[in-house]
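Here are the chains, one letter per residue:
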Amino acid sequence: MTEKLLQYLWNFKVFKNFDFKDIEGNSVEIIHFGKWNTNAGPDFLLASIKINNLILSGNIELHVKSSDWIFHNHSGDPNYQNIILHVVFQNDIVIEEFNDKKIPTLELKNYIDENILWKYEKLIKENQFIPCESIFDQRNVPLHFHEENVLRKLNEKSEELEYALQQSKNNFEAILFHSLAYSFGLKVNAYIFRQIAESIDYSVINKIRQNPKHLEALFFGISGWLEYPEDEQMEIWKREFQFIKVKYRILDMRFPPKFLRLRPPNFPTIRLSQLADLYHRHQNLFSKVIHSKNSKDLFDIFKNVQASGYWNTHFNFGKISSVNQVKTLSNDFIELIILNTILPLKYTYHKYHNEEITDDILKFYAEIAPEKNAIITSWKNLKMKITSSLETQSLLYHFKNSCEEKNCLNCSIGFKLLKDSSDA
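Residues numbered from 1 in each chain as written. Predicted model: local features only at pLDDT ≥ 70, side-chain atom pairs only at ≥ 80, totals over all residues. Heavy atoms only, no water.

**Q** Explanation requested: the nonpolar core in the structure shown.
**A** Nonpolar side chains in soluble globular proteins tend to be buried together. Ranked by size, the top nonpolar core spans 73 residues in total, and within it L180, L218, L275, L278 and Y279 carry the most contacts. Ranked by residue count, the leading element in this core is helix 14 (residues 331-350), at nine residues. Sequence-distant contacts of L218, defined by excluding residues within four places in its chain, comprise I200, V204, I205, I208, F241, I244 and I250. Residues I49, I51, L106 and L108 belong to the second largest nonpolar core, which totals 28 residues. (Core = buried A, V, L, I, M, F, W, Y, C linked by side-chain atoms within 4.5 Å. Buried < 20%, exposed > 50% of the residue type's maximum accessible area, 1.4 Å probe, protein only. Helix = DSSP H or I, 4+ residues; strand = E, 2+ residues; numbered from the N terminus. Contact = heavy atoms within 4.5 Å.)

**Q** Teacher, can you tell me more about the confidence of the model for the protein here?
**A** Where the model shows low pLDDT, its predicted coordinates should not be examined in detail. Here the protein shows a mean pLDDT of 92. Residues at 70 or above account for 96%. Put simply, helix 18 (residues 412-423) is where the protein has its lowest mean pLDDT, 69, and helix 11 (residues 268-281) is where it has its highest, 98. (pLDDT = per-residue confidence, 0-100.)

**Q** Please explain the environment of H74 as it appears in this structure.
**A** By the secondary structure assignment, H74 is in the loop between helix 2 (68-71) and strand 5 (83-90). Considered as a pair, H74 and E367 are 293 residues apart in the sequence and their alpha carbons are 54 Å apart. Setting aside its immediate chain neighbours within four residues, H74 contacts E61, H63, W69 and Y80. A distance of 3.3 Å separates polar atoms of two side chains, one belonging to H74 and the other to E61. (Polar contact = N/O pair within 3.5 Å; in protein donor to acceptor, adjacent residues only side chain to side chain.)

**Q** What's the story with the side chain of T341 in this structure? I'm lost.
**A** As for its position among the elements, T341 is in helix 14. Polar side-chain contacts of T341 include one of 2.2 Å to the side chain of S183. The contacts of T341, once residues within four sequence positions are left out, are S179, L180, S183 and L336.

**Q** Looking at this structure, I do not really get empty space enclosed by the protein. What am I missing?
**A** One simple way to see leftover space: roll a probe sized like a water molecule over the atoms. Counted under the stated rule, the structure contains one cavity of 30 Å³ or more. Considered as a void within the structure, the largest cavity measures approximately 100 Å³ in volume. Every residue lining the largest cavity is counted, 13 residues in all, and those nearest its centre are P131, C132, H398, C403 and C411. For the lining of the largest cavity, the elements supplying multiple residues, two or more each, are helix 17 (389-403) and helix 18. Looking at the lining of the largest cavity, its residues break down into ten nonpolar, three polar and no charged. (1 Å grid on protein atoms, 1.4 Å probe; cavity = no way out; pocket = protein on both sides within 12 Å on 5 of 7 lines; lining within 4 Å. Points joined across faces, edges and corners; volume = space filled by probe spheres on them. Nonpolar A, V, L, I, M, F, W, Y, C, P; charged D, E, K, R; others polar.)

**Q** I keep staring at the layout of surface pockets and nothing clicks. Help me out?
**A** By volume, the second largest pocket amounts to about 460 Å³. Lining the second largest pocket are 19 residues, and of these A164, S168, I175, H178 and E198 sit closest to its centre. Elements that contribute at least two residues to the lining of the second largest pocket include exactly helix 5 (145-167), helix 6 (172-184), helix 7 (186-198) and helix 8 (202-208). If you tally residues by element for the lining of the second largest pocket, the top one is helix 5, at six residues.

**Q** Quick question: what am I supposed to make of the environment of P257 here?
**A** Structurally, P257 is set in the loop between helix 10 (232-247) and helix 11. Exposure remark for P257: the relative accessible area of 8% places this residue in the buried category. Excluding residues that lie within four positions of it along the chain, P257 makes contacts with N189, I192, F193, I196, S223, W225 and P268.

**Q** Could you clarify how one ought to interpret the pairing of strand 5 in this entry?
**A** On a regular strand, one side chain projects to one face of the sheet and the next to the other, so that they alternate. Across the eight residues that make up strand 5, a large majority, seven, are buried. By the bridge criterion, six bridges tie strand 4 (residues 54-65) to strand 5 in an arrangement that is parallel. In the strand pairing of strand 5, I60 is matched with L85. Of the strand pairs in this sheet, strand 5 and strand 6 (residues 105-107) are connected by three bridges, and their pairing is parallel. Across the sheet, the residue bridging to H86 is T105, located in strand 6. (Pairing = 2+ DSSP bridges.)

**Q** What is the right way to read helix 9 (residues 212-222) from this model?
**A** Helix 9 sits mainly inside the fold: eight of its eleven residues count as buried. All of the buried residues along helix 9 are L215, E216, A217, L218, F219, F220, G221 and I222. The secondary structure elements touched by the buried residues of helix 9 are helix 6, helix 7, helix 8, helix 10 and helix 11. Here helix 9 starts with a cap whose side-chain oxygen sits 2.9 Å from the backbone nitrogen of K213, and that cap is N211. A positive backbone phi angle near 80° is found at G224, which sits one or two residues after helix 9.

**Q** Sorry, what's going on with the pairing of strand 3 (residues 44-51) here?
**A** Both strand 1 (residues 28-32) and strand 3 contribute to a ladder of four bridges, which runs antiparallel. Each residue of the ladder has a partner; that of H32, found in strand 3, is S48. Across six bridges, the pairing between strand 3 and strand 4 is antiparallel. Note that in strand 4 the partner of I51 across the bridge is L54. Two successive antiparallel strands, strand 3 and strand 4, enclose a turn made up of two residues, where N52 displays a positive phi of approximately 50°.

Below is the structure:
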């Protein structure tokens with residue numbers, strides 16, 4: 001038994017029966033179990049009980065053992081002056097302070113189903129893909145589980161975007177540029193690409209985007225790749241960068257991207273060239289993104305984006321590849337950008353002005369094919385039904401925030417598993 005599990009059982013009222021008696025044998029009727037307090041102070045606030053024909057209102061404190069009241073130094077703490085009930089799993093000592101103030105103690109050991117304790121201990125000790133893997137059943141997944149997870153993820157992302165908007169004086173176009181740069185960088189170069197984007201005043205992008213070579217030169221120059229040209233094209237990019245740098249007063253800063261552990265199609269050279277092409281092709285990119293009606297509209301924005309001609313025969317500067325191939329964005333990469341960058345931004349932009357945006361955004365997720373990665377494969381091995389990115393985004397979020405942390409007490413599936421054992 002842990003204190004967190006005890007609080008969980010009290011909050012959700014998971015007991016064999018409610019014929020509570022305190023350690024003195026007095027009947028205790030819980031009129032209101034109180035509001036779970038996750039901050040400092042008593043565990044449950046604004047509770048009310050009836051004992052000896054008296055109704056008491058105040059706070060309730062829970063401990064695994066009654067002696068924890070002493071070990072936690074609650075005695076004399078003004079935050080714990082309005083305690084009306086001390087709830088413990090095991091009453092190991094008598095607290096004289098409670099006797100003096102006539103505060104009842106309720107021992108819960110005999111009111112809790114042992115199956116719950118066994119199952120919870122098994123969950124947190126299991127070293128599997130998810131703690132409940134051995135007893136997982138898709139039928140335990142609650143209604144609207146995926147929608148709720150995706151909305152939680154969207155709201156968390158929205159808070160990040162709103163903070164960034166405050167820093168950029170509400171410039172949504174600049175935030176889109178920064179966010180896209182982050183996505184184009186993938187895991188290895190995400191933060192570096194965003195640093196590159198944030199080091200450029202977005203007005204400069206708008207002024208030079210009609211020429212993709214200028215955008216490439218700007219990105220490559222800030223990456224620190226043009227100091228020592230290895231061929232004629234690099235010479236051209238270097239001259240253009242020096243001109244742009246002087247004309248627009250670009251700060252003399254360098255953010256070198258990494259190549260290590262990347263497949264050639266994901267080299268930062270290719271991705272920055274593609275990002276330049278995206279902003280050249282769509283002079284009103286933000287408007288197109290925000291006013292898109294479905295996932296096909298979004299996909300069409302990115303489907304023809306490609307690295308410039310130089311990269312047909314190169315993956316890195318000055319080194320000619322044996323294969324001549326146009327470097328376009330793959331479908332998987334486009335979907336990744338839409339899911340992780342475009343949809344959160346659309347949600348943030350519209351949520352204060354369009355009451356139906358939640359349903360609209362969820363439809364976008366439902367229209368996109370499910371993602372493919374090791375975590376999703378593991379969910380599929382558990383017979384989880386997965387038909388779209390709505391489910392995959394939900395399951396990735398849930399795995400990261402609940403399963404990986406073994407946060408079973410805040411998991412709606414875990415709650416149902418524990419509750420079912422109590423009802424059995």
